[in-house]
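Here is how the chains run, residue by residue.
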Amino acid sequence: MDKIIVLIGAPGAGKGTQARLLQEREGIPQISTGDMFREMKTLDTPLAREVQEIMKSGKLISDDITYKIVRDRTSRDDCRSGYILDGYPRTAVQAAQLEDLASEQGFEIRAIEVDVPRGELLKRLTGRRNCPVCGEIYNIYSKPPKTDNVCDLHPDTQLNHRADDNEESVSARLETYDEQTKPLIEYYENSGRLSRVDGTGDVEAIYAELKSLI
Ligand code: AMP
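Residues numbered from 1 in each chain as written. Predicted model: local features only at pLDDT ≥ 70, side-chain atom pairs only at ≥ 80, totals over all residues. Heavy atoms only, no water.

**Student:** Can you walk me through the site of the ligand in this structure?
**Tutor:** Of all residues adjacent to the ligand, which total 16 residues, the nearest are Thr33, Arg38, Lys59, Gly87 and Gln94. Contact between the ligand and Arg90: a nitrogen atom at 3.0 Å from a side-chain N or O atom of the residue. Calculation on the ligand without its partners gives an accessible area of 480 Å², and the protein chains cover 96% of this total. (Near = heavy atom within 4 Å. Polar contact = N/O pair within 3.5 Å; in protein donor to acceptor, adjacent residues only side chain to side chain. Areas by Shrake-Rupley, 256 points an atom, 1.4 Å probe, with all protein chains shown as cover.)

**Student:** Sorry if this is basic, but what is going on with helix H5 (residues 92–105) here?
**Tutor:** Residues lying three or four places apart along an α-helix face the same way, a consequence of the helix completing one turn every 3.6 residues. End to end, H5 covers 20 Å across 14 residues, agreeing with the expected 20 Å (1.5 Å per residue, within 8%). Those residues of H5 that fall on the buried side of the exposure criterion are Gln94, Ala95, Gln97, Leu98, Leu101 and Ala102. The arc that holds the buried residues of H5, viewed along the axis, is 160°, so those residues lie on one side. Opposite the buried face of H5, at more than 90 degrees from it, the exposed residues are Ala92, Ser103 and Glu104. (Helix = DSSP H or I, 4+ residues; strand = E, 2+ residues; numbered from the N terminus. Expected span 1.5 Å × (residues − 1). Buried < 20%, exposed > 50% of the residue type's maximum accessible area, 1.4 Å probe, protein only. Arc of directions from axis to C-beta.)

**Student:** Explain helix H6 (residues 118–126) here, please?
**Tutor:** Among all positions in H6, only Leu121, Arg124, Leu125 and Thr126 are buried. Each element contacted by the buried residues of H6 is listed here: strand S5 (128–130), strand S6 (137–139) and helix H7 (167–181). (Contact = heavy atoms within 4.5 Å.)

**Student:** What should I look at first to understand the pairing of strand S1 (residues 3–8) in this one?
**Tutor:** A regular strand places its side chains on the two faces of the sheet in alternate fashion. With six of six residues buried, S1 lies mostly within the body of the structure. Along S1, one buried face is formed by Lys3, Ile5 and Leu7 and the opposite face, lined by Ile4, Val6 and Ile8, is buried too. Summarising the sheet, S1 and strand S3 (residues 82–86) pair through five bridges and their orientation is parallel. Note that in S3 the partner of Val6 across the bridge is Leu85. Summarising the sheet, S1 and strand S4 (residues 108–115) pair through six bridges and their orientation is parallel. Bridged to Ile4 within S4 is Ile109. (Pairing = 2+ DSSP bridges.)

**Student:** Can you walk me through the environment of Ile8 in this structure?
**Tutor:** As for its position among the elements, Ile8 is in strand S1. As a C-alpha pair, Ile8 and Arg110 span 102 residues in sequence and 11 Å in three-dimensional space. The contact partners of Ile8, leaving out residues within four places of it in the chain, are Lys15, Ile112, Glu113, Val114, Tyr177, Thr181, Leu184, Ile185 and Tyr188.

**Student:** Looking at this structure, how should I read the pattern of salt bridges?
**Tutor:** Any two side chains of opposite charge can pair, so long as their charged atoms come close to each other. Counted according to the given criterion, the structure contains 17 salt bridges. Arg20 is the partner of Glu136 in a salt bridge, and the nearest nitrogen-oxygen pair spans 3.2 Å. Here the residue Glu136 occupies a position in the loop between S5 and S6, and Arg20 occupies one in helix H1 (residues 15–26), the gap between them amounting to 116 residues. Note that Arg173 is salt-bridged to Asp165, the shortest N-O span being 2.9 Å. Classification of Arg173 by relative accessible area gives buried; the value is 10%. Through salt bridges with shared partners, one network takes in Arg128, Arg162, Asp164, Asp165 and Arg173. (Salt bridge = Lys/Arg side-chain N within 4 Å of Asp/Glu carboxyl O.)

Set out below in structure tokens:
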């Protein structure tokens, strides 16, 4: 593949769901900065605590800290043929830092916007649940587990509701997206590196469209 796929879209657009499928079926590593920050929850350090606070507020972690974790993660062996960025870059500074990283690693960047109307995002986000063991994503409205609040694949595991998927954090995250991340769509479009998929409807149909672009 030899490229970096950047998935851009509002919180709840389905970037994580699609990136996970691409990883599972195509073997392309999914690099999710949100997941990496959430994993820090188990560390009891001042930085880890600060990260959890910022996430809950719906704001962004600093560009330099985020760059460091992306750089470290993507320098691992499994990323040598390229990777999918899910949730990165989210600011103009991050986009510039990614240009440097990509040329250092010898990859081109392709951005794909996953487009979902605002009205649908809220429902998706507040209904979202995930399995803490395998990461499978459910939604109590549109993709409920077979048994209430239990993972289909891990019957002993209760599903998790993200700390930042409550209404207050969600509206802050959407605002952050509009202000800081949405302008990146134009940035990639202007440099001829943007494609767009319709993120509403069937997960498999969206996947097929995405795959054809990769
Ligand atoms: P996500 O799982 O992608 O929705 O990310 C959850 C939260 O993690 C965000 O609301 C931010 O607080 C933080 N985060 C994730 N990715 C980034 C990033 N690229 N830059 C800064 N903060 C991030």
